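Now for the letters of each chain:
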Amino acid sequence: GIQVEQSPPDLILQEGANSTLRCNFSDSVNNLQWFHQNPWGQLINLFYIPSGTKQNGRLSATTVATERYSLLYISSSQTTDSGVYFCAAPVGNQFYFGTGTSLTVIP
Amino acid sequence: NAGVTQTPKFQVLKTGQSMTLQCAQDMNHNSMYWYRQDPGMGLRLIYYSASEGTTDKGEVPNGYNVSRLNKREFSLRLESAAPSQTSVYFCASSVLRGRTDTQYFGPGTRLTVL
């Protein structure tokens, strides 16, 4: 398999602040997904992004496949953004997850 | 569409008991997965089924068995539960259309083994 590392492991933000989460992976991958796990435990797809940049509202993601990393940007953070953010990369039929970034947005 | 559903939501077992976790998806996806999530360790793949009729081991298969009953359903069985299997279990499915692949997750089953 591959190693997927996320940083930072924990992040506390004041509401309205911006943040960047990073995902590094040890080998070439064909695609990469970002997920948000809300405080109730539900895992929600954010982005499927094998390369380039995508935006969805206040969130955007960039993957630089040749350098084996992806970034998730959260702008104007809200308390509802709290939770754990995971990236995952597939190799063959298996997905490998990072250990996540735990984000807390305080009002 | 209900998406991916899992039953039960919560379960408490005694060491040595057996149980089956059920998962179903109504999105006509080909592939299905079982993960476990432990504190500080992210999600780890237990078993997956790339298509109906096939199953393969993931990263942590020991102590588990699976059955891909049909295209919709993928069950996970613990034959003799151990405290180390206390975890949150997630089922997921994906289309697996060539390189385009997005996973969708169920709500999870929180299992405690005493």
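Residues numbered from 1 in each chain as written. Chains lettered and ligands numbered in written order. Predicted model: local features only at pLDDT ≥ 70, side-chain atom pairs only at ≥ 80, totals over all residues. Heavy atoms only, no water.

Engineer: Could you clarify how one ought to interpret the interface of chain A and chain B in this entry?
Structural biologist: Often, the extent of an interface is quoted as the loss of accessible area on bringing the components together. In this complex, chain A contributes 17 residues to the contact, which on the side of chain B involves 24 residues. Taken together, both faces of the contact between chain A and chain B bury some 1,700 Å²; the carbon and sulfur share is 53%. Three residues stand out in chain A for area buried against chain B, namely Asn93, Phe95 and Phe97 of chain A, and they jointly supply 31% of the buried area on that side. The tally of links between chain A and chain B comes to 0 salt bridges. Between chain A and chain B we count 4 residue pairs in polar contact (both at pLDDT 80 or more) in total. Of all the secondary-structure elements, those providing two or more residues to the side of chain A that touches chain B are strand 4 (33-37), strand 5 (43-48) and strand 10 (94-97) of chain A. Among the residues making up the side of chain A that touches chain B, the classes are represented as 6 nonpolar, 11 polar and no charged. (Contact = heavy atoms within 4.5 Å. Buried area = accessible area lost by both parts, 1.4 Å probe. Salt bridge = Lys/Arg side-chain N within 4 Å of Asp/Glu carboxyl O. Polar contact = N/O pair within 3.5 Å; in protein donor to acceptor, adjacent residues only side chain to side chain. Helix = DSSP H or I, 4+ residues; strand = E, 2+ residues; numbered from the N terminus. Nonpolar A, V, L, I, M, F, W, Y, C, P; charged D, E, K, R; others polar.)

Engineer: In this structure, what is going on with the pattern of salt bridges? I would like to understand it.
Structural biologist: Taken as a whole, this structure holds 4 salt bridges over all chains when the rule is applied. For Arg58 of chain A, the salt bridge is made with Asp81 of chain A, and the minimal N-O distance between the two is 2.8 Å. Here Arg58 of chain A is found in the loop between strand 6 (52-56) and strand 7 (59-64), whereas its partner Asp81 of chain A is found in the loop between strand 8 (69-74) and strand 9 (83-91), with 23 residues between them in sequence. When the shortest N-O distance is used, the salt bridge between Asp38 of chain B and Arg44 of chain B registers 2.8 Å.

Engineer: Looking at this structure, how should I read the nonpolar core?
Structural biologist: Within soluble globular proteins, side chains that are nonpolar generally end up buried alongside one another. Formed by 22 residues in total, the largest nonpolar core has its most connected members in Val4 and Trp34 of chain A. Looking at this core, the elements with two or more residues in it are strand 2 (10-14), strand 3 (19-25), strand 7, strand 8, strand 9 and strand 11 (101-106) of chain A. Judged by nonpolar contacts, the second largest core, of 20 residues, contains Leu21, Met32, Val60 and Tyr64 of chain B. (Core = buried A, V, L, I, M, F, W, Y, C linked by side-chain atoms within 4.5 Å. Buried < 20%, exposed > 50% of the residue type's maximum accessible area, 1.4 Å probe, protein only.)

Engineer: Explain the sheet that holds strand 7 of chain A to me, please; I cannot follow it from the model alone.
Structural biologist: All names here are of chain A. Strand order in the open sheet formed by 5 strands is 1-3-8-7-6, with antiparallel pairing between adjacent strands. Each end of this open sheet is capped by a strand with a single partner; those strands are strand 1 (4-7) and strand 6. Between one strand axis and the next, the sheet turns through 15° on average, direction left out of account. Two strands pair when backbone bridges link them, and strand 1 and strand 3 are joined in this way by 4 bridges, in the antiparallel orientation. (Pairing = 2+ DSSP bridges. Axes fitted to C-alpha atoms, helices over the stretch in contact; angles between N-to-C directions.)

Engineer: Whenever I open this one, the pairing of strand 8 (residues 74-78) of chain B confuses me. Can you help?
Structural biologist: A regular strand places its side chains on the two faces of the sheet in alternate fashion. Residue and element names in this part refer to chain B. Counted residue by residue, strand 8 has 4 buried out of 5 residues, so it is predominantly covered. Summarising the sheet, strand 3 (residues 19-25) and strand 8 pair through 3 bridges and their orientation is antiparallel. Considered in strand 8, the bridge of Leu21 is made with Leu76. The pairing of strand 7 (residues 64-68) with strand 8 spans 5 bridges and is antiparallel. Of the residues in strand 8, the one forming a bridge with Val66 is Leu76.

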